[in-house]
Structures are given as C-alpha cells and as structure tokens.
Amino acid sequence: MKLIIAIIQTQDSYELIGALTKVGYAVTKLSSSGGFLKTENTTLLIGTHEEKVDKAVEIIRSVCASRQKIVSDTLPFGYTELNYPSRSVSVSLGGATIFVLDIDRFEKY
Ligand code: 2BA
C-alpha cells in the first residue's frame, strides 16, 4: 500500500478529484497553504496499491498545469507604501508537488 500526497493548485482540484474518483481512486482533499507564498493551495491524500501509483501520477500530471503567479514584494522593515516603490515579482508555480510514501499498515472500519 502507498500513500500519494499531492500538493496542487486549488483551481485544478475539482477536475483532478473528478478524474481520479471516476477511475476508482479514493481521495481526501485538505485545504493547505504554501510556506513561501502563504497563499491557498490544496493537498490530496490518495491511498492506493503500489501498481496503481503510476496511473494516478499520470492523471495528476495530465490535469495540473504549471502557472506563473504575480505576487507583490513584501515591504522591508520601516518602509510603507508611501516611501517604497511597489514591486511585483513573477513566481513559477508547479503543476503538482508529489510525494509517494510506503504505508506499513492500512485499516478501515
Ligand atoms: P509555496 O511554498 O507557496 O511556493 C510557491 C512557489 O514559490 C514554488 O512553487 C516555488 O516556485 C517558489 N518557492 C518556494 N519556496 C521558495 C524559496 N524558498 N525561494 C524561492 N522560491 C521559492 P512549487 O515548487 O511548485 O511549490 C508549490 C507548493 O508546493 C509550495 O507552495 C508548497 O506548498 C508545496 N511544496 C513544494 N515543494 C515542497 C516540499 N519540498 N515540501 C513540502 N511542500 C512543498
């Protein structure tokens, strides 16, 4: 048994959950946020058999798009909007960040 943890952009979650559940994967959706941008993202937990991991990853890759996100630069300490020119920076957001973990024991009641 494996656990796939997939951190994705929230805007892709509806389509991705639909695509995964349609072919039989069980999915738990968690609201999360990124430590760097501090904006909302979505974390999916997908418990599945080892032989079904690659197919799930393929579905995730096919649905989740990478995007550029424009974010405002934070003001340095002691500055306000009045004395510091506002700057925007473009950050590349990946389509998905995926971890695949071994599960020692799986039980459902
Ligand atoms: P955030 O932490 O909000 O990061 C958003 C994007 O900002 C990242 O996109 C990356 O392009 C950039 N970024 C992140 N940390 C940075 C840093 N220390 N310096 C410069 N740029 C940085 P992704 O790499 O596609 O990550 C998207 C989201 O996936 C992340 O949101 C985070 O929630 C999660 N994530 C990515 N890698 C992770 C990891 N190794 N462990 C846990 N969560 C991870």
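What you see is a predicted model; the values in this text were computed from it and never measured.

### With respect to the overall build of the protein
Reasoning step 1: Each helix and strand counted, the protein has two helices and six strands in total.
Reasoning step 2: What you see in the protein, going N to C, is helices and strands ordered as β-α-β-β-α-β-β-β.
Reasoning step 3: Radius of gyration (C-alpha) of the protein: 18 Å, far over the 13 Å computed for a compact globule of 109 residues.
Reasoning step 4: When each of the 109 residues of the protein is scored for burial, the buried share is 27%.
Reasoning step 5: Intrachain contacts of the protein at a sequence separation of at least 6 include 68% that bridge at least 24 residues.
Reasoning step 6: Here the protein displays about 7,800 Å² of accessible surface, and carbon together with sulfur accounts for 53% of that area.

### A look at the sheet that holds strand 3 (residues 40–48)
Reasoning step 1: Read across the open sheet, the four strands follow the order 2-3-1-6; overall the sheet is antiparallel. Of all the strands in the sheet, just strand 2 (28–33) and strand 6 (96–102) have a single pairing partner and so form its edges. Taking the axes of each pair of neighbouring strands and ignoring which way they run, one obtains an average angle of 20° across the sheet.
Reasoning step 2: Two elements, strand 2 and strand 3, share six bridges in a ladder whose sense is antiparallel. The residue of strand 3 that forms the bridge with S32 is N41.
Reasoning step 3: The sheet strands contacting helix 1 (residues 13–22) are strand 1 (2–8), strand 2 and strand 3, and the helix crosses strand 3 at an angle near 10°.
Reasoning step 4: Running at roughly 10° to strand 1, helix 2 (residues 53–63) makes contact with strand 1, strand 3 and strand 6 of the sheet.

### A word on the nonpolar core
Reasoning step 1: Counting residues in hydrophobic clusters, the biggest one holds 15 residues, and the most contacted among them are L16, L20, L44, I46 and I60.
Reasoning step 2: Going through the elements one at a time, strand 1, helix 1, strand 3 and helix 2 are the ones with two or more residues in this core.
Reasoning step 3: Considering each element in turn, this core owes the most residues, six residues, to helix 2.
Reasoning step 4: With sequence-adjacent residues up to four places away left out, L16 is seen in contact with I8, L44, I59, I60, V63 and C64.

### Observations concerning the site of the ligand
Reasoning step 1: In the vicinity of the ligand, the contacting residues are I7, G34, G35, F36, L37, N41, V91, S92, L93, G94, T97 and F99.
Reasoning step 2: Side-chain polar atom of N41 to an oxygen atom of the ligand: 3.0 Å apart, as the coordinates give it.
Reasoning step 3: Between the ligand and S92, the relevant distance is 2.6 Å, taken from an oxygen atom to a main-chain nitrogen or oxygen of the residue.
Reasoning step 4: Notes on the ligand: free accessible area 750 Å², of which the protein chains cover 51%.

### Here's the deal with the pattern of salt bridges
Reasoning step 1: A complete count under the given rule lists four salt bridges for this structure.
Reasoning step 2: With its nearest N and O atoms 2.2 Å apart, the salt bridge here joins D102 to K2. Of this pair, D102 sits in strand 6 while K2 sits in strand 1, and the two are 100 residues apart along the sequence.
Reasoning step 3: Residue classification places D102 among the exposed residues on the basis of a relative accessible area of 58%.
Reasoning step 4: With a relative accessible area of 14%, K2 lands in the buried category.
Reasoning step 5: Note that D12 is salt-bridged to R67, the shortest N-O span being 2.9 Å.

### Observations regarding the side chain of Q9
Reasoning step 1: Structurally, Q9 is set in the loop between strand 1 and helix 1.
Reasoning step 2: Side-chain polar atoms of Q9 contact the backbone oxygen of A65, separated by 3.2 Å.

The rules behind each value
Residues numbered from 1 in each chain as written. Predicted model: local features only at pLDDT ≥ 70, side-chain atom pairs only at ≥ 80, totals over all residues. Heavy atoms only, no water. Helix = DSSP H or I, 4+ residues; strand = E, 2+ residues; numbered from the N terminus. Rg over C-alpha atoms; globule rule 2.2 N^0.38 Å. Buried < 20%, exposed > 50% of the residue type's maximum accessible area, 1.4 Å probe, protein only. Contact = heavy atoms within 4.5 Å. Areas by Shrake-Rupley, 256 points an atom, 1.4 Å probe, with all protein chains shown as cover. Pairing = 2+ DSSP bridges. Axes fitted to C-alpha atoms, helices over the stretch in contact; angles between N-to-C directions. Core = buried A, V, L, I, M, F, W, Y, C linked by side-chain atoms within 4.5 Å. Near = heavy atom within 4 Å. Polar contact = N/O pair within 3.5 Å; in protein donor to acceptor, adjacent residues only side chain to side chain. Salt bridge = Lys/Arg side-chain N within 4 Å of Asp/Glu carboxyl O.

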